[in-house]
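The primary structure of each chain is shown beneath.
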Amino acid sequence: MDGGKARGSVVLSEVLVRPIQSHERARWDTLMRRHHHLGFNRTAGRALRQVAEYRGRWVALLHGQGRVLAQQAVEPGSHEIPALRTLLEPLDIQERVITADALHTQRETA
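Summary of the structure given here. Owing to the predicted nature of the structure, the values given are computational and were not obtained by experimental measurement.

This part is about the overall build of the protein. When its secondary structure is counted, the protein shows two helices and three strands. Its helices and strands in sequence order give the protein the pattern β-α-β-β-α, from N to C terminus. Buried positions account for 19% of the 110 residues belonging to the protein. Long-range pairs, those at least 24 residues apart, make up 43% of the contacts in the protein with a sequence separation of at least 6. Accessible surface, the protein as shown: approximately 9,400 Å² in total, 50% of it carbon and sulfur.

Quick look at the structure:
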């Protein structure tokens, strides 16, 4: 590639990701049910529904939901890696998905 813009590529600065508005929920739910690879049915509890728009056209649906199980301040002079390990230690996280910053991709943390 010559470093130029590839044919058919999209400049991401023109993509807008935003929460849906209340009047858009039925459309969002219908599209998600129709196109989700697992057959989206409904969410359990509160969920964030978003849409990605390119020049006013919906190009992607986003869905997120999660819970904060624990949080703590990082002690002065320390850093996040050992703090996360300490935070997770007492929690039952077997068979669970835990999300954290990329810096936590450490063998000792896993």
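Taken together, the three strands give an open sheet; going across it, the order is β1-β2-β3, and neighbouring strands pair in antiparallel fashion. The sheet is open, and its two borders are formed by β1 (15-19) and β3 (57-64), each paired with just one other strand. Strand-to-strand twist in this sheet, taken as the mean axis angle between neighbours without regard to direction, amounts to 25°. As paired strands, strand β2 (residues 48-54) and β3 are joined by seven bridges and run antiparallel to one another.

Quick look at the pattern of salt bridges now. Across all of its chains, the model carries six salt bridges by this definition. A salt bridge links R18 to E24, with the nearest nitrogen and oxygen atoms 2.7 Å apart. The burial state of R18 is the same as that of E24; both residues are buried. A cluster of three or more residues bridged by salt bridges with shared partners is formed by R18, E24 and E53.

Its place among the elements puts E24 in the loop between β1 and α1 (25-35). According to the relative accessible area criterion, E24 is buried, its value standing at 10%. Polar side-chain contacts of E24 include one of 2.7 Å to the side chain of R18. Ignoring any residue separated from it by four or fewer positions in sequence, one finds E24 in contact with R18 and W58.

Let's shift gears to α1. Within the sequence span of α1, burial applies to W28, D29 and M32. Within α1, the buried residues cover an arc of 95° as seen down the axis, which keeps them to one side. Among the exposed residues of α1, those oriented more than 90 degrees off its buried face are A26, R34 and H35. Buried residues along α1 sit against β2 and β3.

Attention now goes to the nonpolar core. Nonpolar side chains tend toward joint burial in soluble globular proteins. Listed in full, the six residues of the largest apolar core are I20, W28, M32, F40, V51 and W58. Beyond its immediate chain neighbours, meaning those up to four positions away, V51 contacts L16, V17, R18, I20, W58, A60, L61 and L62.

Criteria and cut-off values
- Residues numbered from 1 in each chain as written.
- Predicted model: local features only at pLDDT ≥ 70, side-chain atom pairs only at ≥ 80, totals over all residues.
- Heavy atoms only, no water.
- Helix = DSSP H or I, 4+ residues; strand = E, 2+ residues; numbered from the N terminus.
- Buried < 20%, exposed > 50% of the residue type's maximum accessible area, 1.4 Å probe, protein only.
- Contact = heavy atoms within 4.5 Å.
- Areas by Shrake-Rupley, 256 points an atom, 1.4 Å probe, with all protein chains shown as cover.
- Pairing = 2+ DSSP bridges.
- Axes fitted to C-alpha atoms, helices over the stretch in contact; angles between N-to-C directions.
- Salt bridge = Lys/Arg side-chain N within 4 Å of Asp/Glu carboxyl O.
- Polar contact = N/O pair within 3.5 Å; in protein donor to acceptor, adjacent residues only side chain to side chain.
- Arc of directions from axis to C-beta.
- Core = buried A, V, L, I, M, F, W, Y, C linked by side-chain atoms within 4.5 Å.

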